[in-house]
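Fold and contact review
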Amino acid sequence: MAEKPEELSLPVASVSRVVNDALPPNVNVSQEARKVIAKTASVFVLYTTATAASLASKAGRKTMNANDVLAALMENDFPQFKEPLERSLEHYRETQKKKKESTTARKSEQANTSKPGKSPSPNSKKSPKQKATAAEEPEAASDSEGED
């Protein structure tokens, strides 16, 4: 982690992509403006993170969560960001839930599907003792056949 807040900043290239996506194509942004926007965004993130961490600490938790970040926005007088971020968070949670369900279903399907051309061994679901007994039975049968 960086020693000083001044050393923490978002990459200008990443911020430039966000800026370019947000503006109409006929608008140009100087390199100086991009650097200022990157620095401003970094300060906003640090300030919000520090407030959210403080709220989590006051609640007796070491880990801050999304609700702490949303509460930090309100405490830092940025209520206009709360609703869009709540929608984004809900969308993220739904996406994660669908991914988890898809993965679970796929794993379940793979477990239920046996490989073609292979049949399970007759001893595959038996305990070691049952397997040993099953292995001895054919020998006993062959011994009794020879005695007649």
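One can find the structure itself at the top, above this paragraph.
Note that the structure is predicted; figures quoted are calculated from it, not measured.

On to the overall build of the protein. Regarding its fold elements, the protein presents 5 helices and 0 strands. Sequence-ordered secondary structure for the protein, helices as α and strands as β, is α-α-α-α-α. Classification of the 148 residues of the protein by burial places 13% in the buried group. For the protein, the proportion of contacts with a sequence separation of at least 24, taken over those separated by at least 6, is 34%. Carbon and sulfur atoms make up 55% of the accessible area of the protein, which amounts to about 12,300 Å² in all.

This paragraph deals with unusual backbone geometry. Even without glycine at this site, Asp77 takes up a positive phi of about 65°. Note on placement: Asp77 falls in the loop between helix 3 (66–75) and helix 4 (79–112). With a relative accessible area of 62%, Asp77 lands in the exposed category.

The next subject is the packing of helix 3 against helix 4. Here helix 3 crosses helix 4 at 165°, and the two axes come no closer than 8 Å. Taken together, the axes of helix 3 and helix 4 are roughly antiparallel relative to one another. With respect to the hand of their crossing, helix 3 and helix 4 are arranged in right-handed fashion. Between helix 3 and helix 4, the residues in contact are Ala66, Leu70, Leu73 and Met74 and Pro79, Phe81, Lys82, Leu85, Glu86, Leu89 and Arg93, respectively. Classifying every residue of the contact of helix 3 with helix 4 by side-chain character gives 8 nonpolar, no polar and 3 charged.

Turning to the side chain of Ser42, a few remarks are in order. Mapped onto the elements, Ser42 comes out in helix 2 (residues 31–58). If we ignore the near neighbours within four places in the chain, the residues touching Ser42 are Leu8, Ser9 and Leu10.

Glancing now at the side chain of Asp68. Here Asp68 is to be found in helix 3. Overall, Asp68 belongs to the buried group, its relative accessible area being 6%. Here Asp68 is in contact with Ala52, Leu55, Ala56, Arg61 and Thr63, once residues within four sequence places are set aside.

Evaluation of the coordinates by the stated rule reveals 3 salt bridges. A salt bridge links Asp68 to Arg61; its shortest N-O distance comes to 2.8 Å. Taking the relative accessible area as the measure of exposure, Arg61 reaches 31% and is therefore partly exposed.

Here we take up the packing of helix 2 against helix 3. The description of two packed helices rests on the angle between their axes and on the distance between the axes. At their nearest, the axes of helix 2 and helix 3 sit 8 Å apart, and the two run at 110° to each other. By the angle between their directions, the pair helix 2 and helix 3 is classed as roughly perpendicular. The hand of the helix 2/helix 3 crossing is right-handed. Of helix 3, the residues touching helix 2 (which contributes Phe44, Thr48, Thr51, Ala52, Leu55 and Ala56) are Asp68, Val69, Ala71, Ala72, Leu73 and Glu75. Counted by class, the contact of helix 2 with helix 3 contains 8 nonpolar, 2 polar and 2 charged residues.

Moving on to the packing of aromatic side chains. This structure, assessed with the given rule, holds 3 aromatic pairs. Between Phe44 and Phe78, the ring centres sit 5.1 Å apart and the planes meet at 80°, which makes this aromatic pair edge-to-face. Here Phe44, found in helix 2, pairs with Phe78, found in the loop between helix 3 and helix 4; they are 34 residues apart in sequence, far enough to count as distant. We classify Phe44 as partly exposed; its relative accessible area is 29%.

Rules behind the numbers
Residue indices begin from 1 for each chain and proceed along its sequence in written order. This being a predicted model, a pLDDT of at least 70 is required before a residue's local features are given, and a value of 80 or more before pairs of side-chain atoms are given or counted; all residues contribute to the totals for chains, interfaces and linings. Hydrogens are left out, water is left out, and the side-chain values use all remaining heavy atoms of the structure. Runs of H or I in DSSP of at least four residues are treated as helices and runs of E of at least two as strands, each being numbered from the N terminus. Per-residue accessibility, obtained with a 1.4 Å probe over protein chains only, is compared with the maximum for each type, and a residue is labelled buried under 20%, exposed over 50%, and partly exposed between these values. Any two residues whose heavy atoms approach within 4.5 Å are treated as being in contact. Each accessible area value is a Shrake-Rupley result obtained with a 1.4 Å probe; residue values ignore everything except the protein chains displayed when judging cover. For helices, the fitted line uses only the C-alpha atoms of the stretch in contact; every axis is such a line through C-alpha atoms, and the angle between N-to-C directions lies from 0 to 180 degrees. Geometric relationships in this document are graded by angle, where less than 35 degrees denotes roughly parallel, more than 145 denotes roughly antiparallel, 65 to 115 denotes roughly perpendicular, and other angles denote oblique. Crossing handedness is defined as follows: a turn of the near helix away from the far one that is anticlockwise and smaller than a right angle gives a left-handed crossing, while the clockwise case is right-handed. Any residue outside Ala, Val, Leu, Ile, Met, Phe, Trp, Tyr, Cys, Pro, Asp, Glu, Lys and Arg is labelled polar, Gly included; the first ten of those are nonpolar and the last four are charged. What makes a salt bridge here is a side-chain nitrogen of Lys or Arg within 4 Å of a carboxyl oxygen of Asp or Glu, nothing more. When the centres of two rings from Phe, Tyr and Trp lie within 6.5 Å, Trp using its six-membered ring, the rings pair. Their planes under 30 degrees apart give stacked, over 60 give edge-to-face, and anything left gives tilted.

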